Amino acid sequence: MITEFELMGTAAYLLSNGNMSMLIHIVNGKPLLLHCGSVISAADASAMCLRPNPGWGTTVLYKEGDTSSSLDIIPLIWSEENTGDYRENPVSIGIPADFTFRSGRIIDGLIPIESELPQADGASQSLELTFLSGTITLRIIYSVYETAICCRTVISSSTELVINRLMSSMLDLKGSFDITTLDGAWIREAHTNRIPVSYSRVVNESSTGFSSNRHNPGFLLSRPDATEFSGEVYGFNQIYSGNHYASAQISAQNFTRVMLGISPVSFPRSLNAGESFETPQAVISYSAEGFNGLSCAMHSFVNSHIVPEYWRFMERPVLYNSWEGCLFDFNESKLLSLASKAKKLGCELFVLDDGWFGARNSDTAGLGDYTVNKKKLPGGLEGLSSKLGRLGLKFGLWFEPEAVNPDSELYRAHPDWALHPFEGSDFYSRNELLLDLTRSDVRDYIVENVSSIIDSANVSYVKWDMNRHLPISGPKAHDYILGLYEVQRRIFKPRPSILLENCASGGNRFDLGMLCFGAQIWASDNTDPIERLDIQNGLSYLYPQSCWGSHVSASPHSQTLRTTPLSTDANAAFFGDFGLELELSHLLPVEEKEIKAAVEFYKGHRKTFQFGILSREETEPDAVCWLLSSEEESIAGLFHRLVHSAQGYEWLKLRGFEPSQIYRITSRPQNLRVGRFGGLVKYISPVDINPNGVALRTADRLYPMKDGAEDISCTGAALSAGIPLALKFMGTGYDANLRNQGDFGSNIYVIEKVTDK
Ligand code: GLA
């Protein structure tokens, strides 16, 4: 809800939703931010007006004689160079500008973005504040959603103009903060880093052309004492997939200035007279209930206003993906044999990854030539798709439409379609160049090519990959992203039921821009569940778990050489859109049984796994506990990294349950491989067994051991105080109730209300 009213003789605007309020007061034509945070009402506004001040020594007065008018010391939502605010400014246009307020307009719903930039839909109301500086108009547009407020800016000019920098939003927040960013690299995406915001500026940016696996565009500002459960936390993100920039810095007067938008490396941009330039939407959210409260607000915003409408709260299929199992080496009969195994294990969708077209037998050739390789697939895609259909599986297909191998028919026919920033030399990554998506003929080609293949083969899922950084910066880098948005819009908007999973070497483009076109993103090429603890945990601060694919892969894992129990492979993959990605014909009977049970379990609790409200719970050091709650049930996953000896009790401490309600807590039944015990099998077996002998090897293949199970009833109060779990194996003997996990063990607990019949 947005209201306009008069405050001390000038206009004021109060923007509120269920979570937060922003109070903007126009003074001397400049927009002051009197409040941003907890929900307030217009009746509170006059108490929040800034008191007159006698001036701070060397400050520059904006209005002669008015000692309170220095822009350097007051909280603002916008500011320019040369007007006395010497903090970082959100705009630079190469000429002096002094934007002063002209008008405010409140409208129901959205003010649509005019470019290809995606926009969060379903805003209740929007506020457009217009400011003028000579011939230049600046509009700051806020849109209010249930749990977030979005902000963007638009500059237009009746004379020529060069924009060097234009942020989407700026806020001066009261007091000091820590900043948490999601940083990483390929196969180490989205690790959280929390540091204090100080007098030196902290910058979170990407310059690779994409939102990047180095620094996600989303970040959080929290009070220094905020925890997962308490304290003020602000969340920020951008609905954008290109080079991004955000900064935070505290001023001498104790305001933390935060701003975010397109990175200045994607500028300068020249505007002709009469043209305008619009930034992506910045997303701002707030919670006084710690990081978990903030995540809940952001998840709800993404689930309700970002992902394509068709897929909102729509359960995602359990898929089998051919990549880690086959790489480029497959033919139709191998795929069909995998498919029939996948079907028996409970999969619903078969995804054929890279290698199905042209001369694509390795990553050195064929990229760009989406003509089916008839040696591998003699019946074509149609043939494969209909055979999969007869098995009861849907068909999904991999493309990397933005890239091209120089060794391809496409490149030989159109060398000028690739981006060549340097004359005479190209810099390759994974042997590929990117196509110039700023060209309309290239965009038309991709749209027609991909659309016709999808339509011809009854494809119900597309994995859209992109495996290198952009070789250009400047305004063309932004135009490339607009080109990408146009291409995805033209292909997928007319085909809403196709599930699009974006991917960029895993999470190199994990952002709200891509989520507006595809409901999920492949979070990382790292499928090791222990590495996924950090990656999925980091993403969970700002993105709901239904947004990322998460697969069970073969152990030892190809990214780390780490060996993990199959139960943990599955338990970690449950927290996301679950799939299998391994060579199924190598599975032992015990593994087949366990995977089948895991798929069945996931399907039985799919709604909670994909759309339950997530919170990160308290654990002992080095463990991770995620709790998901839906109307019907809650599910907790408790994961360990390295085991520590003689550790004593561990407590399951889960918050948010009704104190006097009785709950039943049962662990997911899971198995242990006998072979994992080696010589320790003497603790289990009454007879002497050679750990290297045939008997143990046979038992290992056929007979799983049950891992200790829990079945506890207690009140919600006891659960939030913490209940002791069964002890772990510690060499003092075997007991079927022990949690025999060793390194990388984990358990899943289902928590249900006990109701009187
Ligand atoms: C990228 C993706 C992988 C897989 C390969 C295929 O690395 O992230 O999931 O699709 O490409 O070449």
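Scroll up for the structure.
Here is a short report on the structure shown in this document. Sequence positions are assigned chain by chain, starting from 1 and proceeding in written order. For a predicted model such as this one, the threshold for reporting local features is a pLDDT of at least 70, and the threshold for listing and counting side-chain atom pairs is 80 or more; totals across whole chains, interfaces and linings nevertheless cover every residue. Only hydrogens and water are set aside when side-chain values are computed; all heavy atoms of the structure are taken into account.

### Remarks on the sheet that holds strand β11 (residues 165-174)
Filter applied, for reference: Note on pairing: two strands pair once DSSP finds at least 2 bridges between them. Here a helix means four or more residues in a row that DSSP labels H or I, a strand means two or more in a row labelled E, and each is numbered from the N terminus.
Read from one edge to the other, the open sheet built from five strands follows the order β5-β11-β18-β17-β14, with strand pairing classed as antiparallel. Every interior strand has two partners, whereas the edge strands, β5 (91-92) and β14 (202-205), have only one. Two elements, β11 and strand β18 (residues 255-262), share seven bridges in a ladder whose sense is antiparallel. When the bridges of β18 are listed, L173 appears paired with T256.

### Quick word on the pattern of salt bridges
To be explicit about the condition: Within this document, salt bridges are pairs made up of a side-chain nitrogen of Lys or Arg and a carboxyl oxygen of Asp or Glu, the two lying within 4 Å of each other. Note on exposure labels: buried denotes an accessible area under 20% of the residue type's maximum, exposed denotes more than 50%, and partly exposed covers the range between, all computed with a 1.4 Å probe on protein chains only.
Per the stated rule, a full pass over the model turns up 50 salt bridges. D178 is the salt-bridge partner of R194, the closest N and O atoms lying 2.9 Å from each other. You can see R194 sitting in strand β13 (residues 191-196) and its partner D178 sitting in strand β12 (residues 178-183), a full 16 residues away along the chain. Its relative accessible area of 37% is what places R194 among the partly exposed residues. For D178, a relative accessible area of 11% puts it in the buried group. In the salt-bridge network here, residues are joined through shared partners; they are D85, R87, D172 and R257.

### Overview of empty space enclosed by the protein
Heads up, the rule is: Here a cavity means grid points, on a 1 Å grid over the protein atoms only, where a 1.4 Å probe fits yet cannot get out; a pocket means an open set of points with protein on both sides within 12 Å along at least five of seven lines; lining residues are those with an atom within 4 Å of a point. Grid points are joined across faces, edges and corners, and a volume is the space filled by probe spheres set on the points. Gly is placed with the polar residues, together with every amino acid not listed as nonpolar (Ala, Val, Leu, Ile, Met, Phe, Trp, Tyr, Cys and Pro) or charged (Asp, Glu, Lys and Arg).
For the structure on display, the rule yields six cavities of 30 Å³ or more. Size it by volume and the largest cavity reaches roughly 70 Å³. As for the largest cavity, its lining consists of L182, D183, E189, A190, S212, N213, N216, G507, F510, A523 and L539. Tallied by class, the residues present in the lining of the largest cavity amount to five nonpolar, four polar and two charged.

### A word on the packing of helix α4 (residues 332-345) against helix α5 (residues 380-391)
Put simply, the rule reads: Here an angle of 0 to 180 degrees is reported between the N-to-C directions of two axes, which are lines fitted to C-alpha atoms, with helices fitted over the stretch in contact. Any angle that falls under 35 degrees is termed roughly parallel, while one over 145 is termed roughly antiparallel, one within 65 to 115 roughly perpendicular, and all others oblique. By convention, the crossing between two helices is left-handed when the near helix turns anticlockwise from the far helix through less than a right angle, and right-handed when the turn is clockwise. By definition, residues are in contact when any of their heavy atoms lie within 4.5 Å.
Look at α4 against α5: their axes get within 10 Å of each other, and the N-to-C directions meet at 25°. In terms of orientation, α4 lies roughly parallel with respect to α5. The two elements α4 and α5 meet at a crossing, and its hand is right-handed. Taken together, the residues of α5 that come into contact with α4 (itself represented by E332, L335, L336, A339, S340 and K343) are G383, L384, K387, L388 and L391. In terms of residue class, the contact of α4 with α5 is made up of six nonpolar, two polar and three charged.

### Details of helix α2 (residues 290-306)
Short version of the rule: In this scheme, a helix's expected span is set at 1.5 Å multiplied by one less than its residue total.
A rise of 1.5 Å per residue sets the reference length of α2, with its 17 residues, at 24 Å; its end C-alpha atoms lie 23 Å apart and thus fit the reference within 8%. Burial analysis of α2 places 14 of its 17 residues in the buried class, which makes it a mostly covered element.

### Digging into the state of the cysteines
Note the following rule: Two cysteine sulfur atoms make up a disulfide if the distance between them is within 2.5 Å.
One pass over the full model with this rule turns up zero disulfides. Between C36, a cysteine without a disulfide, and C151, which holds the nearest cysteine sulfur, the sulfur-to-sulfur distance is 11 Å. Here C516 is not cross-linked by a disulfide; its sulfur's nearest cysteine counterpart is in C150, at 9.6 Å.

### Details of the pairing of strand β8 (residues 136-144)
Counting buried residues along β8, seven of its nine residues qualify, which places the element largely inside the surrounding structure. Here strand β7 (residues 125-133) runs beside β8; their pairing, made up of nine bridges, is antiparallel. When the sheet's bridge partners are listed, E128 is paired in β8 with I141. Joining the antiparallel neighbours β7 and β8 is a turn of two residues, in which G134 adopts a positive phi near 60°. Pairing geometry for β8 and strand β9 (residues 149-157), over nine bridges, is antiparallel. Residue pairing for β9: Y142 is matched across the bridge by C151. Following β8, the chain reverses through four residues before pairing antiparallel with β9.

### Considering the side chain of N747
Along the chain, the position of N747 falls in strand β41 (residues 746-753). Among the residues examined, N747 registers a relative accessible area of 2% and is labelled buried. Excluding residues within four positions of it along the chain, N747 makes contact with N571, A636, G637, L638, Q670, D707, R739 and Q741.

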